[in-house]
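Analysis of the macromolecular model
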Amino acid sequence: MSQYLEKRSQSPLYQQLMLRLKNDISAGVYPAGARIPSEQQLCETYSVSRVTVRKAILDLVQEGLLVRKQGKGTFVAGERMQRDLRHITSFTDACAQRGQKAETRLISAQMVTASSEDAAQLGLSEEEPLFELVRLRLIDGEPVMLEFNRFPACYSYLKDMAAESSLYACLQAGGIIPTSAVHDISLGHATPMVSKHLGTEIGDALLLLDEVIHDQHGQPLHLSRQWIRGEKFTFRI
């Protein structure tokens, strides 16, 4: 049965559709994790164009209420993890505190050449080798973050533990304690590589967190760039 929107209303059709979907989510018609109807089904149900449906869905994705999974459809977002940027906490510990299972998949581990910006942030010489770890982080089996970490070459031993344990736990075992960080948060858009691993569409909006982490002596320890599915995180600063 069609559920017509008010085409003579001053409120655009896509905003009316957004409100209908929000109300359905709040009422439990579409609970957390549930797949909402396809674009075609929504077009037929509300007698609107595909452009209208796509605009409504895109805005709800950007608000964090919906999440698109490549090749699977659009789903209601689940509970977000709150991350307190005032404290240095490993991803593994943050998940454990919430009773969630953290998982790590090693994408790559290699030596790279420091750019002038890398070198300045880490206090190294330009073109000095750095050790780069790229890892996919999952919560309860679902990809939520793709992280790129760059360390001075002396930390290349972390490769052996990168897929099995917390890097920070490994560092602390060696007397190196990540203590503080400088954060830059911005909006990024999924590249083909990022979308492949996070299961998003290319160009989808993601949170981009760049950090310079310092140890207990105030010395730069490593650089981190994290591509994060925004519907899974909130940040406290």
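Residues numbered from 1 in each chain as written. Predicted model: local features only at pLDDT ≥ 70, side-chain atom pairs only at ≥ 80, totals over all residues. Heavy atoms only, no water.

Aromatic rings considered in pairs are described by the distance between their centres and by the relative angle of their planes. The final tally for this structure, using the stated rule, is two aromatic pairs. Centre to centre, the rings of Phe151 and Tyr155 are 5.7 Å apart; their planes meet at 50 degrees, and the pair counts as tilted. Pair check on accessibility: Phe151 and Tyr155 agree, each one buried. Taken together, a centroid distance of 6.2 Å and an interplanar angle of 40 degrees make the contact between Tyr155 and Tyr157 tilted. A relative accessible area of 35% places Tyr157 in the partly exposed class. Among the aromatic residues, ring-to-ring pairing joins Phe151, Tyr155 and Tyr157 into one connected group. Its end group placed over the ring of Phe75, Lys69 keeps NZ or CZ at 4.7 Å from the ring centre. (Phe/Tyr/Trp six-rings, centres within 6.5 Å; stacked < 30°, edge-to-face > 60°. Buried < 20%, exposed > 50% of the residue type's maximum accessible area, 1.4 Å probe, protein only. Lys NZ or Arg CZ within 6 Å of the ring centre and 35° of its normal.)

As a further point, take the pairing of strand β6 (residues 142–152). In terms of burial, β6 is largely enclosed, as nine of its eleven residues are buried. As paired elements, strand β5 (residues 129–139) and β6 share ten bridges and run antiparallel to each other. Within the sheet, the bridge partner assigned to Leu136 lies in β6 and is Leu146. Remark: two residues form the turn of the hairpin made by β5 and β6, two consecutive strands paired antiparallel; Asp140 in that turn has positive phi of roughly 50 degrees. (Helix = DSSP H or I, 4+ residues; strand = E, 2+ residues; numbered from the N terminus. Pairing = 2+ DSSP bridges.)

Structurally, the α-helix is built with 3.6 residues per turn, so residues lying three or four positions apart point the same way. Of all the positions in helix α2 (residues 39–46), only Leu42, Cys43 and Tyr46 are classed as buried. One side of α2 holds all its buried residues, which, seen down the axis, span an arc of 105 degrees. Packed against the buried residues of α2 are α1 (13–26) and α3 (50–63). Immediately downstream of α2, the backbone of Ser47 shows phi near 55 degrees, a positive value. (Arc of directions from axis to C-beta. Contact = heavy atoms within 4.5 Å.)

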